[in-house]
Amino acid sequence: MKLLLFILLILGANLFAQLTPSWSNNYIGPIKQIKSVDIDNDQKNEIVASGESGIIAINDDNSLLWHVSNNSGDKLLTLQYDSDIYPEFATIGWMDIKIFDDNGSQLVWNTFKWNASSRLPFAILDDKIVSYYVDSYDYSNNGLMFMGGYVPFYTISNIEQDSLAAVDTNNDGKNDVLFGISNYDTLFKLDKDGNEIFKHALGYDSAIYLWGGKLNNGTPLVVVGTNDGQVHALDMNGLQLWSQTLSSSVDVVKIKKDKDGGLIILTNNDSIWHNGTQNVISKIDENNGSILWQYSSGSSITKALTQDSSMIAAGFESGFKIFDENGTILHEANISEPSYDNSLDVHALQFGTMGDRSGIFVGTLDINMFNSADSERIYSGGTLVQNIASGDMNG
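Residues numbered from 1 in each chain as written. Predicted model: local features only at pLDDT ≥ 70, side-chain atom pairs only at ≥ 80, totals over all residues. Heavy atoms only, no water.

Colleague: Can you walk me through the side chain of Asp285 in this structure?
Modeller: Counting through the fold element by element, Asp285 comes out in strand 25 (residues 280-285). Despite being buried, Asp285 has no salt bridge partner; Lys257 is the closest side chain of opposite charge, sitting 9.0 Å away. Separated by 2.7 Å, the side chain of Asp285 and the backbone nitrogen of Asn287 make a polar contact. (Helix = DSSP H or I, 4+ residues; strand = E, 2+ residues; numbered from the N terminus. Buried < 20%, exposed > 50% of the residue type's maximum accessible area, 1.4 Å probe, protein only. Lys, Arg positive; Asp, Glu negative; His and termini not counted. Salt bridge = Lys/Arg side-chain N within 4 Å of Asp/Glu carboxyl O. Polar contact = N/O pair within 3.5 Å; in protein donor to acceptor, adjacent residues only side chain to side chain.)

Colleague: I tried to follow the pattern of salt bridges on my own but got confused; where do I start?
Modeller: Charged atoms that come close allow side chains of opposite charge to pair. Under the counting rule described, the total for this entry stands at six salt bridges. For Lys174, the salt bridge identified is with Asp127, shortest N-O distance 3.2 Å. Of this pair, Lys174 sits in the loop between strand 15 (159-167) and strand 16 (177-182) while Asp127 is found in the loop between strand 11 (122-125) and strand 12 (128-133), placing the two residues 47 residues apart along the sequence. What makes Lys174 partly exposed here is its relative accessible area of 36%.

Colleague: Just checking my understanding: could you explain the sheet that holds strand 13 (residues 143-146) for this structure?
Modeller: By definition, the strands of a sheet pair up through backbone hydrogen bonds, in either a parallel or an antiparallel sense. Reading across from one edge, 11-12-13-14 is the order of the four strands in this open sheet, with antiparallel pairing throughout. Among the strands making up the open sheet, the edge pair consists of strand 11 and strand 14 (154-155). By the bridge criterion, four bridges tie strand 12 to strand 13 in an arrangement that is antiparallel. Directly across from Ser131, in strand 13, lies its bridge partner Met145. (Pairing = 2+ DSSP bridges.)

Colleague: Would you mind going over the pairing of strand 29 (residues 319-324) with me for this structure?
Modeller: Moving residue by residue along a regular strand, the side chains alternate between the two faces of the sheet. The buried fraction of strand 29 amounts to six of the six residues, a majority that puts the element mostly inside the structure. Remark: two residues form the turn of the hairpin made by strand 28 (residues 311-316) and strand 29, two consecutive strands paired antiparallel. The loop that links strand 29 with its antiparallel partner strand 30 (residues 329-334) comprises four residues; one of these, Gly327, has a positive phi angle of about 90°.

Colleague: How should I be thinking about the nonpolar core in this particular structure?
Modeller: Generally speaking, soluble globular proteins have nonpolar side chains that are buried together. By size, the foremost hydrophobic cluster in this structure holds 16 residues, and its most contacted members are Val223, Ile255, Leu263 and Ile265. Looking at this core, the elements with two or more residues in it are strand 19 (207-214), strand 20 (220-226), strand 21 (230-234), strand 23 (252-257) and strand 24 (262-268). When residues of this core are assigned to their parent elements, the largest contribution, three residues, is made by strand 19. Filtering out sequence-adjacent residues up to four positions away, Val223 remains in contact with Tyr209, Leu210, Trp211, Val231, His232, Ala233, Ile255 and Leu263. (Core = buried A, V, L, I, M, F, W, Y, C linked by side-chain atoms within 4.5 Å. Contact = heavy atoms within 4.5 Å.)

Colleague: Whenever I open this one, the side chain of Lys283 confuses me. Can you help?
Modeller: Within the element layout of this structure, Lys283 appears in strand 25. Side-chain polar atoms of Lys283 contact the side chain of Asp258, separated by 2.7 Å. Excluding anything up to four places from it in sequence, Lys283 contacts Asp258, Asp260, Gly262, Leu263, Ile264, Ser290, Ile291, Leu292, Trp293 and Glu325.

Colleague: Even after reading the chapter, I still don't get the sheet that holds strand 8 (residues 88-92), so can you show me in this structure?
Modeller: If you trace the four strands from one edge of the open sheet to the other, you get 7-8-9-10, paired in antiparallel fashion. Looking along the sheet, the strands with just one partner apiece sit at the ends: strand 7 (75-79) and strand 10 (106-111). With strand direction ignored, the average angle separating the axes of adjacent strands in the sheet is 15°. Note that strand 7 and strand 8 share five bridges and pair antiparallel. Among the inter-strand pairings, Leu76 is bridged to a residue of strand 8, identified as Thr91. (Axes fitted to C-alpha atoms, helices over the stretch in contact; angles between N-to-C directions.)

Colleague: How should I be thinking about the packing of aromatic side chains in this particular structure?
Modeller: Each aromatic ring pair is described using two quantities: the centre-to-centre distance and the angle formed by the ring planes. Counting across every chain of the model gives six aromatic pairs. Aromatic side chains Tyr154 and Phe188 sit 5.2 Å apart centroid to centroid with 40° between the ring planes, which places their arrangement in the tilted category. In this pair, Tyr154 is assigned in strand 14 and Phe188 in strand 17 (residues 186-191), connecting sequence segments 34 residues apart. For the pair Tyr154 and Phe188, one class covers both residues: buried. (Phe/Tyr/Trp six-rings, centres within 6.5 Å; stacked < 30°, edge-to-face > 60°.)

Colleague: Explain the pairing of strand 21 here, please?
Modeller: Here strand 21 lies mainly inside the structure; four of its five residues are buried. Examined bridge by bridge, strand 21 and strand 22 (residues 240-245) share five bridges and lie antiparallel to one another. Its bridge partner lying in strand 22, Ala233 is registered against Trp242. Hairpin connection, strand 21 to strand 22: the antiparallel pair is bridged by five residues, and Gly238 has positive phi, about 80°.

In structure tokens form, the structure reads like this:
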């Protein structure tokens, strides 16, 4: 199985240029998330990427800052954990959360889930990481636990990996309430100390995703995604504001907030039995749920979704596309490995800066499970641009 991290720099509307890296052979597994962040307080952003087997930091001159192997990093957070001015990084994996200092040294390791059947749900509540804990010996002890704790503060069962969302209702920059979904239908709300405010049944068909945020006018809300392709907006009392059907029979839902009052929503069927009709990117009005535009990816399952102030990027099974805020495709790239004529899955996308340059950062996973090459490569529009090794895995 092959994996790849590459960088494309946006020089104009559709013009991309290469970076020449000086780091190589630092294996981090299938790349899951990428962050553009100023690690060393030099007013220039560096790149941090996490995968299923490691985390890597790349300097703004493309040199390697540090690399940590044997670490599961399905999700990657930046936060201020200690008292210095430099950022820390939290990786969320199958069973645990780890926090790393700006130099890559491990600060904290918290094991939440011993019998992990799905990846950890998490949220940031009042500067504290909250996740789900499963006691392998006593299932009545399952519940939510703060990072660094050892006893669940809220007993609950059957929480999916994307079913926690924290919201700032006091406008102080810190999330003060936490919403969650258990057993695919029960919505609960907690205060910042973990005290239950309410819990009730939603009446939806298999709620699997929860997003929290604010409308452009500052009104807080949460949005529930279900596996029948619907999204439901709720107020802070858990009452429905609006509902919209975007597709049908989906397994994955992702939501991003747009700057102009829209929600970018990915409804996706990640099953091998999908028929190519449920994989849809939608932009809807945050105030009433009306559909502003949609793009169907057909039989290509969408793997990643990100946006900046004026563009939206989506990763697919064989490349990625960049849209403007009206849904017009600005750029698309089909990515393949010439040696084997294989398509490459794009699993991670991030708009950002690296030094003085702005661009989009792309992480891939080869969908061919049998072949591997000596090095990974950077592509632009399907054309080989520059060798860039991030590791191989035979499988």
